[in-house]
Each structure stands twice: as C-alpha cells, then as structure tokens.
Amino acid sequence: APENSTTAVTYLLFQPQEGVVDRAGQARQFQARHINQPGDPLIGTTWAVPARLEQGDIIRASLLTVELLTALIIALTVAITFRAPVAPLLMLGAAGIAYLVAIGLMALGAKLTKAAIPIELEPVLVVLVIAVCTDYGIFFLAGTKRRLAEGLSGRAAAHASTVESAPVVLAA
C-alpha cells in the first residue's frame, strides 16, 4: 500500500459471560481471519486480557510450590507450638475441605449466574481459605490447650473451646 504512517484500530466486543480465555481466543481468530495479507503488519493486541492471561499462567505455575511451602510452614509452626503432631493435620485437612467446598460453590454460582470466574481468583481463594482455617484452628487449639492446663478432660476442654470460639468464627 502506498500509505505511510497509517493506523487502524479495531474494537472487539464480547458477551459479558465470556471469560478472558474465550476473549483472547476470539481476538486470535479475528487476527488470523482478517490480518492475513502480505504487508499486513499486526503490531499486537493491546488490552489487559493477554497480560492477565500471562500473569495467571505465571501464578498457576508457582501456585503449587507456594501452597506446599505454606502448608509445611503452618504444619511445623502448629506442631511445635502445640506439641501435637496431629494438630496441623487436622488444620490442613480442614483447609483442604474448605477449599473444595469453596471452589465448588464458586463454580456452581458461576454456572447459575452465567458469569465467568476471573483467573486471578484461585490464588486469592487459596490464601483466604488457608488463612481463615489456620486462624480459627489456632483459636480452637489454644483454647483447648488452656482448658487442658486448667484440668478439664479432653472432651470438656474441646467443648468449652468450641463454645468460646464458635461465635467469633460464625460472626466472621
């Protein structure tokens, strides 16, 4: 083409229920279909979605390592603090169950509302579930340990600790 220094900008519109992966795929399909002639210089796709996808890939690639190291640190800290090797297993088991319930409820909610779940949500969910389960587990274990030191039986100490901790947990 004889023109110099020309630019064409194309806006792509998407349905609200389409996720970022679908949107990026449609942008690639558009580029393949319409910017395919010799001399068609595509500079690139300039929007936040490709960057979000790349960021999500980087996070997902490291997420398992971060999760495992976090679980190990929590397990060691709780085991040393409460001098009970089973305590961290209960806490991390509760976190695993809570994560599975939370991810299932999110998927169900997304399906019912026909909304896409942002790719950045999984790491945030992992952090929140681990933090909440660890915090409330420590509340419960500390209360139980205190009551055992006061001379209550194991069952009575656990019951009293649950009665004390439950309102805080439920209110949060």
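Thresholds applied
Residues numbered from 1 in each chain as written. Predicted model: local features only at pLDDT ≥ 70, side-chain atom pairs only at ≥ 80, totals over all residues. Heavy atoms only, no water. Axes fitted to C-alpha atoms, helices over the stretch in contact; angles between N-to-C directions. Helix = DSSP H or I, 4+ residues; strand = E, 2+ residues; numbered from the N terminus. Parallel < 35°, antiparallel > 145°, perpendicular 65-115°, else oblique. Contact = heavy atoms within 4.5 Å. Nonpolar A, V, L, I, M, F, W, Y, C, P; charged D, E, K, R; others polar. 1 Å grid on protein atoms, 1.4 Å probe; cavity = no way out; pocket = protein on both sides within 12 Å on 5 of 7 lines; lining within 4 Å. Points joined across faces, edges and corners; volume = space filled by probe spheres on them. Buried < 20%, exposed > 50% of the residue type's maximum accessible area, 1.4 Å probe, protein only. Core = buried A, V, L, I, M, F, W, Y, C linked by side-chain atoms within 4.5 Å. Patch = residues over 30% accessible without salt bridge, like charges linked within 9 Å, V, L, I, M, F, W, Y side chains within 5 Å. Areas by Shrake-Rupley, 256 points an atom, 1.4 Å probe, with all protein chains shown as cover. Salt bridge = Lys/Arg side-chain N within 4 Å of Asp/Glu carboxyl O.

A.B. asks: How do you make sense of the packing of helix 2 (residues 48-82) against helix 4 (residues 121-149) when you look at a structure like this?
C.D. replies: With their axes 11 Å apart at the nearest point, helix 2 and helix 4 run at an angle of 5 degrees to one another. With respect to helix 4, the axis of helix 2 lies roughly parallel. Side by side, helix 2 and helix 4 meet where Ile 59, Leu 63, Glu 67, Thr 70, Ile 74, Val 78, Thr 81 and Phe 82 of the first sit next to Glu 122, Pro 123, Val 126, Ile 130, Thr 134, Ile 138, Leu 141, Ala 142 and Lys 145 of the second. Its residues placed into classes, the contact of helix 2 with helix 4 shows 11 nonpolar, three polar and three charged.

A.B. asks: So what exactly am I meant to see when it comes to empty space enclosed by the protein here?
C.D. replies: With a probe scaled to a water molecule rolled over the atoms, the places where space remains empty come into view. Summed over the entire model, instances satisfying the criterion amount to one cavity of 30 Å³ or more. The computed volume of the largest cavity comes to approximately 40 Å³. Elements with a minimum of two residues in the lining of the largest cavity: helix 2 and helix 4. It is helix 2 that contributes the most residues to the lining of the largest cavity, three residues altogether. Considered class by class, the residues forming the lining of the largest cavity number three nonpolar, one polar and three charged.

A.B. asks: Just to check I follow, could you spell out the side chain of Ser 161 for this structure?
C.D. replies: Counting through the fold element by element, Ser 161 comes out in helix 5 (residues 154-171). Its relative accessible area of 0% is what places Ser 161 among the buried residues. Ignoring anything within four residues of it in the chain, the contact list for Ser 161 reads Phe 139, Phe 140, Gly 143, Thr 144 and Arg 147.

A.B. asks: Explain the nonpolar core here, please?
C.D. replies: Nonpolar side chains in soluble globular proteins tend to be buried together. By size, the foremost hydrophobic cluster in this structure holds 14 residues, and its most contacted members are Val 78, Tyr 99, Leu 125, Val 129 and Leu 141. Every element with two or more residues in this core is listed here: helix 2, helix 3 (86-113) and helix 4. No other element matches helix 4, which puts six residues into this core. In contact with Leu 125, other than residues within four places in its own chain, are Tyr 99, Ala 102, Ile 103 and Met 106. Membership of the second largest hydrophobic core comes to five residues, among which are Val 20, Ala 24, Val 49 and Leu 53.

A.B. asks: When you look at a nonpolar patch on the surface in this model, what are you seeing that I'm missing?
C.D. replies: On the surface, a cluster of nonpolar side chains totalling about 530 Å² of accessible area is made up of Ile 97, Val 101, Leu 105, Leu 108 and Leu 112. As for its placement among the helices and strands, Leu 112 is situated in helix 3.

A.B. asks: What's the story with the layout of surface pockets in this structure? I'm lost.
C.D. replies: Its volume calculated, the largest pocket comes out at about 890 Å³. Classifying every residue of the lining of the largest pocket gives 14 nonpolar, nine polar and two charged. Roughly 300 Å³ of volume is contained in the second largest pocket. Lining the second largest pocket are 16 residues, and of these Ala 87, Leu 90, Gly 137, Phe 140 and Leu 141 lie nearest its centre. Sorting the residues of the lining of the second largest pocket by element identifies helix 3 and helix 4 as the ones contributing at least two each. In terms of residues, the lining of the second largest pocket owes the most to one element, helix 4, which gives nine residues. Partitioning the lining of the second largest pocket into residue classes produces 13 nonpolar, two polar and one charged.

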